[in-house]
Amino acid sequence: LAKTVSGIGFAALALSRQIERDPAGAADEARRLADDARQATREAREIITGLRTDDGDGALPLPIALKAEAERWAATNDVRLELAIEDVGELDAVAARELEGILREALGNAARHANASAVSVRLRMLGGRAVLTIADDGAGFEVPDDLMDLSRGRHFGVTGMRERAQLAGGDLMVESAPGEGCVLSVWVPAPEARRDAPQRPHAPTTGRAG
């Protein structure tokens, strides 16, 4: 969230210079900044809500929560949705909350930036980890070797999603290319995995989305 707000500030400073040389482009940039600010506000509210409900009382089971979120988003945005949600056991409250937040952010990106017409959401157990995969058929983008570089290109959401995954003891990987959609995979330790055991993160991957 801090990186998102910082990026908005830097972009706003540049906007004043852009207005003089490219008024039309500056207007588009201003609208994007407004979208980013609204997203930052939503993220702040989610964080506050999460801090109040860390004990998980009253929370829906993760598979049900993910399915409901994806179906609600697809209906609102008129996007074709494919779901493959498996039971991955009872994750701890932080991991479950961050997976829900990552799904919301990924779906929001698919609508706001990728203009996707179809999205698939999959949750499964793989190698002692709970793995959430979100794939879309949208515009795609060039993935740098270091995912942190995405924040310089206004892809603040990817940076934030990776930080969410790492907060839960996991990591995130992105596979995409311009015009080829995007596949985002995030893993967190499953219930039987020791949270204090060293985890070997996946290296970020650049390439065509499947």
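Quick notes on the rules
Residues numbered from 1 in each chain as written. Predicted model: local features only at pLDDT ≥ 70, side-chain atom pairs only at ≥ 80, totals over all residues. Heavy atoms only, no water. Salt bridge = Lys/Arg side-chain N within 4 Å of Asp/Glu carboxyl O. Helix = DSSP H or I, 4+ residues; strand = E, 2+ residues; numbered from the N terminus. Expected span 1.5 Å × (residues − 1). Buried < 20%, exposed > 50% of the residue type's maximum accessible area, 1.4 Å probe, protein only. Arc of directions from axis to C-beta. Contact = heavy atoms within 4.5 Å.

Caption draft 1: Geometry of the pattern of salt bridges. Scanning all chains against the criterion turns up 8 salt bridges. With its nearest N and O atoms 2.8 Å apart, the salt bridge here joins Glu29 to Arg32. Placement of the pair is Glu29 and Arg32 together in helix α2 (residues 23-52), with a separation of 3 residues, close to one helical turn.

Caption draft 2: Focus on unusual backbone geometry. Despite not being glycine, Asp78 has its phi angle at roughly 55°, a positive value. Tracing the sequence through the fold places Asp78 in the loop between α3 (62-77) and β1 (80-85).

Caption draft 3: A look at α3. With 16 residues, α3 extends 22 Å from end C-alpha to end C-alpha; this agrees with the ideal 22 Å at 1.5 Å per step. Of the residues making up α3, those classed as buried are Leu62, Pro63, Ala65, Leu66, Glu69, Ala70, Trp73 and Ala74. The buried residues of α3 all sit within an arc of 165° when viewed along its axis, so they share a single face. Those residues of α3 that are exposed and angled more than 90 degrees off the buried face are Ala75 and Thr76. Tucked into the core, α3 has its buried residues touching β1, α4 (93-112), β2 (118-126) and β3 (129-136). At the C-terminal side of α3, Asp78 shows a positive phi close to 55°.

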